[in-house]
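Report on the structure
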Amino acid sequence: MASNLVRAGDPTLVLTEHEKRFLLVPQPGRRFHCHIGIIEHDDLIGRAWGTEGMAHSGESYLVLRPGLEDLMLHLKRATQVIYPKDAALLVQRLGIRSGSVVLEAGTGSGVMTTALAWAVAPHGRVVTCEQNEAMYQRAQRNLERTGLVRWVDARLGYLAECVLEQPADAALLDRRALW
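Computed from a predicted structure; not experimentally measured.

Further remarks concern the pairing of strand β8 (residues 125-130). Regular strands place their side chains on alternate faces of the sheet. Of all six residues making up β8, five are buried, and the element is well covered by its neighbours. Regarding topology, helix α4 (residues 111-120) serves as the crossover connection from strand β7 (residues 101-105) to the parallel β8, and that connection is right-handed. Sheet analysis places β8 next to strand β9 (residues 152-156), joined by five bridges and oriented parallel. Directly across from T128, in β9, lies its bridge partner A154.

Moving on, we get to the side chain of T113. Of note, T113 is situated in helix α4. Among all residues touching T113, those that are not within four sequence positions of it are E104, T107, V126, T128, L143 and V152.

Let's shift gears to the sheet that holds β8. Spatially, the four strands line up as an open sheet ordered β9-β8-β7-β10, and their pairing is parallel. One side of each edge strand has no neighbouring strand; the edge strands of this open sheet are β9 and β10 (170-173). Across the sheet, the mean angle separating the axes of adjacent strands is 15° when strand polarity is ignored. In this sheet, β10 lies alongside β7 in parallel orientation, the contact comprising four bridges. Opposite L103, over in β10, you have A171 as the bridge partner. Sheet strands in contact with α4 are β7, β8, β9 and β10, and its direction is about 165° off that of β8. Across the sheet, helix α5 (residues 133-146) lies against β8 and β9, angled at about 160° from β9, the strand it touches most.

Reading the values: the criteria
- Residues numbered from 1 in each chain as written.
- Predicted model: local features only at pLDDT ≥ 70, side-chain atom pairs only at ≥ 80, totals over all residues.
- Heavy atoms only, no water.
- Buried < 20%, exposed > 50% of the residue type's maximum accessible area, 1.4 Å probe, protein only.
- Helix = DSSP H or I, 4+ residues; strand = E, 2+ residues; numbered from the N terminus.
- Right-handed = clockwise from strand over helix to strand, strands pointing away.
- Pairing = 2+ DSSP bridges.
- Contact = heavy atoms within 4.5 Å.
- Axes fitted to C-alpha atoms, helices over the stretch in contact; angles between N-to-C directions.

Written as structure tokens, this is what we have:
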């Protein structure tokens, strides 16, 4: 069961009065600088979800649990990504739900992997293969930032080397040149 309070390491959406959205992963002793001033991570940790916080400047913000769209749109990317509306259609068409095992080839920045992990949690698994080591490392950092990494088995290598321990319910091949 999810906590009613923000914990260190929880992906946290900060929504300002000007409707700017920031995805933070609070860690003790850290600070976040933005247009409304400084937000202390320690002020986020232990705060109830949905409550108001105050930056050093006196400007207020809301502390919210991020939705899937927030997670997907705030990841660091180095490639063209699949956006939330297209990801939703792919998840629907592939029939992915909690408990599904999904094979993904071409992890890229991990944005689609995030949507897949969100859909299969808490009882499923995404097995994703990426052949580019720099992209693999970026995706790992992004998935850790989303808090969804525990439902992902990310592997560095070619799809042909990506052996599954159980049959997949769906496969998504997101490759630059499929041929």
